[in-house]
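Single-letter residue listing:
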Amino acid sequence: MKLILIGPPGGGKGTQAQRLQRDRGITKLSTGDMLRAEVASGSSLGKQAKTIMDAGQLLPNEIMIELIEERISQSDCEQGFLLDGFPRTVAQAEALDAMLLRKGTKLDCAIEIKVDDALLVERISGRFACAKCGEGYHDKFKQPENGICEVCGSTHFERRADDNEATVKKRLEAFYDQTSPLLPYYKEQGILQELNGTLSIEEIAKQIDSILDLVPTGKSQPATHL
Ligand code: AMP
């Protein structure tokens, strides 16, 4: 199964991706997490990424395409993967299609999680995650019991540097200007599924499960011309 989650920042992609990885064993690839790891390591990509991420903008397509191409070639992606945060532009989507075609395969499903802006700001401003395993929490909706991560038992939590109001506005602009054109792109391919992201985490999870249970997975014709 090869699928992508599309939605605005704070729309719940990360939460659902985390759950799908845990419950279905699908390898989750979050480009945001990959970039945050680069920032934490102090690499030159990390330094470049930090400035762009703090400004709520998107990194150049070429960098992101190279990053994801290298990652999906690894063995844990052979049976499929779930992309959270990639593609974010039509150029990235076209590059992804081309790289999958070269491997004789294709995307099975693109799931759009729709949420209104007002709710997004509330969700983003209260969120934090376990510093060890990345499990997501929220000041209002999901507090770790006794300050202990329910998944790994860690007591260390962190908030993202770009989860502040000014940066969130820029990230939303980037979503509407550059990422929302992916919706007609995947609709045309016949693989877009839409769902209401204002429902509870459990309800959204249930709906994603019903979608995935019905998705036909398959290979494309091998690319003989490449
Ligand atoms: P996320 O954790 O998915 O919200 O990503 C955090 C930030 O990382 C974004 O606001 C961008 O600055 C950068 N980023 C992540 N994925 C991409 C991508 N596919 N293309 C460009 N920039 C990205």
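Keep in mind the model is a prediction, meaning the values are calculated, not measured.

1. Structural notes on the environment of Gln 92
Within the element layout of this structure, Gln 92 appears in helix α5 (residues 90–102). A residue is classified by how much of its surface remains accessible, and Gln 92, at 3% relative accessible area, is buried. Sequence spacing of Gln 92 and Ala 129 is 37 residues, and the spatial spacing of their C-alpha atoms is 27 Å. Aside from chain neighbours lying at most four places away, what touches Gln 92 is Asn 61, Met 64, Ile 65, Phe 86 and Pro 87. Here the side chain of Gln 92 touches Arg 88 through a polar contact of 2.8 Å, landing on its backbone nitrogen.

2. Topic: the sheet that holds strand β4 (residues 109–114)
Strand order across the open sheet formed by five strands is β2-β3-β1-β4-β8, with parallel pairing between neighbours. Looking along the sheet, the strands with just one partner apiece sit at the ends: β2 (28–30) and β8 (192–196). Ignoring which end each strand starts from, the neighbouring axes of this sheet average 20 degrees apart. Pairing analysis gives five bridges linking β4 to β8, with the strands arranged parallel.

3. Remarks on helix α1 (residues 13–24)
Its twelve residues place the ends of α1 16 Å apart at the C-alpha level, agreeing with the 16 Å of an ideal helix rising 1.5 Å per residue. Listed as buried for α1 are Lys 13, Gln 16, Ala 17, Gln 18, Arg 19 and Leu 20. The secondary structure elements touched by the buried residues of α1 are β1 (2–6), β2, β3 (81–84), β4 and α9 (201–214). Downstream of α1 by a residue or two, Gly 25 has a phi angle that is positive, lying close to 70 degrees.

4. Concerning the site of the ligand
In the vicinity of the ligand lie 16 residues, with Thr 31, Arg 36, Gln 57, Gly 85 and Gln 92 positioned nearest. Take Gly 85: an N or O atom from its main chain is 2.9 Å from a nitrogen atom of the ligand. Here a nitrogen atom of the ligand and a side-chain polar atom of Gln 92 are 3.0 Å apart. About the coverage of the ligand: the protein hides 96% of its 480 Å² of free accessible area.

5. Focus: the side chain of Arg 171
Tracing the backbone shows Arg 171 in helix α7 (residues 165–179). Engagement of the side chain of Arg 171 in a polar contact is seen with the backbone oxygen of Asp 162, the distance being 2.8 Å.

6. Focus: the packing of α5 against helix α8 (residues 182–189)
Orientation of α5 relative to α8, taken along the N-to-C sense of each, is 35 degrees, at an axis distance of 9 Å. Considering how the two elements wind past one another, α5 and α8 form a crossing that is right-handed. Note on element contacts: α8 touches α5 through Leu 182, Tyr 185, Tyr 186 and Gln 189, opposite Val 90, Ala 93, Glu 94, Leu 96 and Asp 97. Partitioned by chemical class, the residues of the contact of α5 with α8 number six nonpolar, one polar and two charged.

7. Here we look at the packing of aromatic side chains
Within this structure, the stated rule accounts for five aromatic pairs. Each ring, one from Tyr 137 and one from Phe 157, has its centre 5.5 Å from the other, and the planes form 90 degrees; the classification is edge-to-face. One end of the pair, Tyr 137, is in strand β6 (residues 136–138); the other, Phe 157, is in strand β7 (residues 157–158), with 20 residues separating them in the sequence. What links up through ring pairs into an aromatic cluster is the set Phe 128, Tyr 137 and Phe 157. The lysine or arginine in question, Lys 142, covers the ring of Tyr 137, its NZ or CZ lying 4.9 Å from the ring centre.

Conventions we followed
- Residues numbered from 1 in each chain as written.
- Predicted model: local features only at pLDDT ≥ 70, side-chain atom pairs only at ≥ 80, totals over all residues.
- Heavy atoms only, no water.
- Helix = DSSP H or I, 4+ residues; strand = E, 2+ residues; numbered from the N terminus.
- Buried < 20%, exposed > 50% of the residue type's maximum accessible area, 1.4 Å probe, protein only.
- Contact = heavy atoms within 4.5 Å.
- Polar contact = N/O pair within 3.5 Å; in protein donor to acceptor, adjacent residues only side chain to side chain.
- Pairing = 2+ DSSP bridges.
- Axes fitted to C-alpha atoms, helices over the stretch in contact; angles between N-to-C directions.
- Expected span 1.5 Å × (residues − 1).
- Near = heavy atom within 4 Å.
- Areas by Shrake-Rupley, 256 points an atom, 1.4 Å probe, with all protein chains shown as cover.
- Left-handed = near helix turned anticlockwise from the far one by under 90°.
- Nonpolar A, V, L, I, M, F, W, Y, C, P; charged D, E, K, R; others polar.
- Phe/Tyr/Trp six-rings, centres within 6.5 Å; stacked < 30°, edge-to-face > 60°.
- Lys NZ or Arg CZ within 6 Å of the ring centre and 35° of its normal.

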